[in-house]
Amino acid sequence: MSFPWAKQYEPTNPLMKYLDEKLPLPRFVYNAVGAGYPVPRNLSYMWNFGVLAGFCLVLQIVTGVVLAMHYAANSAVAFDSVEHIMRNVNWGWAMRYAHANGASAFFVVIYLHIFRGLFYSSYKAPREMIWLIGVVIFLLMMATAFMGYVLPWGQMSFWGAKVITGLFGAIPLIGESLQVWLLGGYAPDNAALNRFFSLHFLLPFVIAGCVILHIWALHIPGSSNPTGVEVKSESDTLPFHPYYTAKDGFGLGVFLLIYCAFVFFMPNALGHPDNYIPANPLSTPAHIVPEWYFYPFYAILRAFTVDFILPAQLWGVLAMFASILVWFFLPWLDKSPVRSGHYRPLFRKFFWFGLIPTMAALFYLGGAPAAEPYVMLSQLFTAYYFLHFLVILPIISSIERPEPLPFSITEAVLKSDKKAVQGENASPAV
Amino acid sequence: MIRLVGILVGLGFAFVSLLAFVVGAYNQATEPAAETAEYAFHEPAHNPRGGFSFDGLAPRWDVAQLQRGYQVYKEVCAACHSLNQVSFRNLADLGYTEEEVKAEAASWLVPGIDPNTGEASTRPGLPTDRFPDPYANEVMAAAANNNAIPPDLSLMAKARHHGSAYLYSLLTGYQEPSAELAERFPDSVPGPGLYHNPYFANLNLAMAPPLTTTGQVTYADGTEATVRQMSQDVAAFLTWTAEPSLVDRVSMGWIVMGFLLFVTILAWLAKKNVWASVKPRRED
């Protein structure tokens, strides 16, 4: 892959030469995230979040593996084993808070990464496969995070597990048996806790595998960029190292500052106090809520309160899954040849004044109690959510007149490109 | 084709959720949800005057206060509430010497086994023992407390919103239900065996006011044991039992933040340096 002007790996050190002959791992790294990967020169800080997401995955795996050394996945002792980590394991509290807040940090980064993809239409050809794998990674993350939240076996763990697995019970005919099969019983208990632990340990490695596919697929067309104009010549690109390693390094520093402020100064701010009460199947918490990163989807789930042909609960479940599955179809729903939202006036309006307020509202409403006016607001925003992706986006992509694109990335950055031909500016680059 | 199907699916979901909205709005207009007593009379937790020494960004443990709070727990709360995540050895954090911890542990009776007969018995505690449960089992706890099992207190300060303030507010917040409450929400007036407290989630709790009179505990350090003082002290003690690493965590946090700030500035300078040659010059 890669552009013809990509730098070649030329080891000078005899050991590296030997290694390159026998197992060209250094060459592989050089071409993946080193000087051998030419990247558009105009990437903004919105392009930092891929690297940060990778960092979060490693952080979660490292802290998680250490926590697993001390945790006991048995419903009789799980809660106490977490407290044992907090109190008696050296630096156990740091590991656990790093892991719990690491999950939140991972989702913040992923949401910004997806947001970038949506605004700059990173899902469009030739990058559909990267996007599709990305949505798979997001689904795997959701499953992993949900099962991880069950492990401390507090009240929210238990009741969250009960509500979420209860969703499968809404499926007609097979629902109930499916739910029993998933839980290994009629309610969350030791069997469920054990399998959730097993899968919570397994799935991050599946995610890591998908991340490799994600990056592999990325390296075929190369990174997108804020203009959405494809790379045309060498002057459009810079080698990943040192330019983007330096830029990502600074981004990582800022990320760590914010993340560590949570870990050390307000480690429980994003959690729920009820999860410090041991699971009790006989006492239902007043408000059962998932972790904050599931709020928008939880708001969509709860928005369907009326039976219409199908029972309301089934509508909610279908809508919740559909709200993410719809992302799989984005490359074919949005037919506009222009990628970047910067050159799409109509798209931009609906993005900033439609989708973003809707997501913000759904984030808020998912954590609000299931009472009015919150439910009614969720219903309005849920309707907009589906209309935006499935109706508005396809329609704007056919009727919109995009603004003129720069001839090339070089022109966008330097205001002129010697290779630019007069008049070619108006035609969108595909 | 895919777009046509997409539009139909999108319109379908939007229609059903808007239908639900219309039904909800109609219900809301015809029979608005009744206000609840919890909503009208619940009060948010507040800190004692002067706050707690462990709040904020420069927290510290007031060791004398923790010792007083421990005394309140031991002499009052421990009659009904367990503290089963805490070991006697942890009391060393409260400024007790090793000998004092041993003596303190020995002043509690913990479940043991008679070495001669193998039968269940009790023995004086050792520093490695956890605080013993006041009841042998949940059935006994429920039977002794009008069917309400007194919860374990180890994590109480983290198991409620604003836990330390909540504990203080709850302990000082017992009061007679107001006439307004009795008039508007007769069902929320505490029944037999229940006590009104506006800081409790549903306003009525089964725990009788535990701290009622000045001097209920005679503090070893001579501090006057008012209800507020005892409440504040025991709230501080329970914050320590819930999060013994709190002070270490924040002070470690400052070191980490300082280091990260330094590294981030270096990274920023490195980035500027690397990019200097390729950045277009601004014309301003």
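Analysis parameters
- Residues numbered from 1 in each chain as written.
- Chains lettered and ligands numbered in written order.
- Predicted model: local features only at pLDDT ≥ 70, side-chain atom pairs only at ≥ 80, totals over all residues.
- Heavy atoms only, no water.
- Helix = DSSP H or I, 4+ residues; strand = E, 2+ residues; numbered from the N terminus.
- Rg over C-alpha atoms; globule rule 2.2 N^0.38 Å.
- Buried < 20%, exposed > 50% of the residue type's maximum accessible area, 1.4 Å probe, protein only.
- Contact = heavy atoms within 4.5 Å.
- Areas by Shrake-Rupley, 256 points an atom, 1.4 Å probe, with all protein chains shown as cover.
- Lys, Arg positive; Asp, Glu negative; His and termini not counted.
- Charge placed at Lys NZ, Arg CZ, Asp CG, Glu CD.
- Domains from an automatic or database assignment.
- Buried area = accessible area lost by both parts, 1.4 Å probe.
- Salt bridge = Lys/Arg side-chain N within 4 Å of Asp/Glu carboxyl O.
- Polar contact = N/O pair within 3.5 Å; in protein donor to acceptor, adjacent residues only side chain to side chain.
- Nonpolar A, V, L, I, M, F, W, Y, C, P; charged D, E, K, R; others polar.
- Patch = residues over 30% accessible without salt bridge, like charges linked within 9 Å, V, L, I, M, F, W, Y side chains within 5 Å.
- 1 Å grid on protein atoms, 1.4 Å probe; cavity = no way out; pocket = protein on both sides within 12 Å on 5 of 7 lines; lining within 4 Å.
- Points joined across faces, edges and corners; volume = space filled by probe spheres on them.
- Pairing = 2+ DSSP bridges.
- pLDDT = per-residue confidence, 0-100.
- Phe/Tyr/Trp six-rings, centres within 6.5 Å; stacked < 30°, edge-to-face > 60°.
- Lys NZ or Arg CZ within 6 Å of the ring centre and 35° of its normal.

**Points about the overall build of chain A**
For chain A, the helix and strand inventory stands at 16 helices and two strands. Expected size for 430 residues packed as a compact globule is a radius of gyration near 22 Å; at 24 Å, chain A falls within 12% of this value. By its C-alpha atoms, chain A is 75 × 60 × 40 Å across when sized along the principal axes. Within chain A, buried positions represent 56% of all 430 residues. Partitioning the contacts of chain A with sequence separation of at least 6, the portion at a separation of at least 24 is 78%. Just so you have it, chain A exposes about 18900 Å², and 70% of that area is on carbon and sulfur atoms. Charge centroids of chain A, computed over 24 positive and 22 negative side chains, lie 7 Å from each other.

**Quick word on the domain arrangement of chain A**
Residues and elements named next belong to chain A. The domain boundaries assigned to chain A delineate domain 1 (37-278) and domain 2 (289-399). Centre-to-centre, using C-alpha coordinates, domain 1 lies 22 Å away from domain 2. If you look at the interface, domain 1 gives 41 residues, while domain 2 gives 37 residues. Taken together, the two surfaces of domain 1 and domain 2 that pack against each other cover about 3500 Å², and 74% of this comes from carbon and sulfur. It is Phe-119, Lys-124 and Leu-167 that lose the most area in domain 1 upon contact with domain 2, and together they represent 19% of the buried surface on that side. Measuring nitrogen to oxygen at the nearest pair gives 3.3 Å for the salt bridge that ties Asp-334 to Lys-124. Applying the counting criterion to the domain 1 and domain 2 interface returns 14 residue pairs in polar contact (both at pLDDT 80 or more). At the level of elements, helix 5 (92-119), helix 6 (128-150) and helix 7 (155-168) are the ones that each hand at least two residues to the side of domain 1 that touches domain 2. Top contributing element to the side of domain 1 that touches domain 2 by residue count: helix 6, with eleven residues.

**Notes on the interface of chain A and chain B**
Contact residues are listed per partner, giving 62 residues for chain A and 54 residues for chain B. Buried area between chain A and chain B, summed over both chains or domains, comes out near 5000 Å², and the portion from carbon and sulfur atoms is 76%. The interface formed by chain A and chain B includes 14 residue pairs in polar contact (both at pLDDT 80 or more). Where the side of chain A that touches chain B is concerned, the elements lending two or more residues are helix 4 (78-87), helix 5, helix 10 (240-265), helix 12 (312-325), helix 13 (330-333), helix 15 (374-399) and helix 16 (409-414) of chain A. Here the side of chain A that touches chain B is built from residues that sort into 45 nonpolar, nine polar and eight charged.

**A look at the pattern of salt bridges**
Within the structure shown, the criterion is met by 16 salt bridges over all chains. One salt bridge in this structure joins A:Arg27 and A:Asp20, with 2.8 Å as the shortest N-O distance. A salt bridge links B:Glu243 to B:Lys158; its shortest N-O distance comes to 2.5 Å. One end of the pair, B:Glu243, is in the loop between helix 8 (227-242) and helix 9 (246-275); the other, B:Lys158, is in the loop between helix 5 (138-144) and helix 6 (163-172), with 85 residues separating them in the sequence. Assessed through its relative accessible area of 11%, B:Lys158 is described here as buried.

**Observations regarding a nonpolar patch on the surface**
The grouping of A:Tyr45, B:Phe259, B:Leu261, B:Phe262, B:Val263, B:Ile265, B:Leu266, B:Trp268 and B:Leu269 at the surface amounts to a nonpolar patch, some 860 Å² of accessible area in total. Note that B:Phe259 resides in helix 9.

**Examining empty space enclosed by the protein**
Residue and element names in this part refer to chain A. On inspection of all chains with the given rule, the structure shows three cavities of 30 Å³ or more. Size it by volume and the largest cavity reaches roughly 50 Å³. The wall of the largest cavity is formed by Ala-299, Arg-302, Leu-365, Ala-368, Pro-369, Ala-370, Tyr-374, Val-375 and Ser-378. Counting residues per element, the ones that place at least two in the lining of the largest cavity are helix 11 (295-303) and helix 15. As a volume, the second largest cavity reaches approximately 40 Å³. Lining the second largest cavity, in full, are Phe-79, Val-82, Glu-83, Arg-96, Pro-152, Asn-275 and Tyr-276. Top contributing element to the lining of the second largest cavity by residue count: helix 4, with three residues. For the lining of the second largest cavity, the per-class residue count stands at four nonpolar, one polar and two charged.

**What to know about unusual backbone geometry**
Residue and element names in this part refer to chain A. Put simply, Ala-125 and Pro-126 share a cis peptide bond, and its omega is 5°. Counting through the fold element by element, Pro-126 comes out in the loop between helix 5 and helix 6. With an omega dihedral of 5°, the bond running from Glu-372 to Pro-373 counts as a cis peptide bond. If you trace the backbone, Pro-373 turns up in the loop between helix 14 (345-367) and helix 15. Not every positive phi belongs to a glycine, and Leu-173 is a case in point at roughly 65°. Following the sequence through the fold, Leu-173 ends up in the loop between helix 7 and helix 8 (175-183).

**Let's talk about the pairing of strand 1 (residues 109-113) of chain B**
Residues and elements named next belong to chain B. The pairing of strand 1 with strand 2 (residues 120-124) spans five bridges and is classified as antiparallel. Bridge assignment links Leu-109 to a residue of strand 2, and that residue is Pro-124. Connecting strand 1 to the antiparallel partner strand 2 that follows it, the hairpin turn spans six residues, and Gly-118 within it adopts a positive phi of roughly 75°.

**Brief notes about the confidence of the model for chain A**
Chain-level pLDDT for chain A is 93 on average; 97% of the residues reach the 70-or-more range. Low confidence marks residues 422-430 of chain A, where pLDDT is under 50. Its contacts with residues over four positions away, or in another chain, come to twelve contacts.

**Considerations on the packing of aromatic side chains**
Within this structure, the stated rule accounts for 63 aromatic pairs over all chains. Ring-pair connections join several aromatic residues into one group, and the members of that group are A:Phe107, A:Tyr111, A:Phe138, A:Trp292, A:Tyr293, A:Phe294, A:Phe297, A:Trp327 and A:Phe363. Lying over the aromatic face of A:Trp47, A:Arg116 brings its terminal NZ or CZ to 4.6 Å of the ring centre. Sitting above the plane of the B:Tyr219 ring, B:Arg68 keeps its charged end 5.7 Å from the centroid.

**Topic: the environment of A:Leu377**
All names here are of chain A. By secondary structure assignment, the location of Leu-377 is in helix 15. We classify Leu-377 as partly exposed; its relative accessible area is 35%. Between the C-alpha atoms of Leu-377 and Gly-175, which are 202 residues apart in sequence, the distance is 29 Å.

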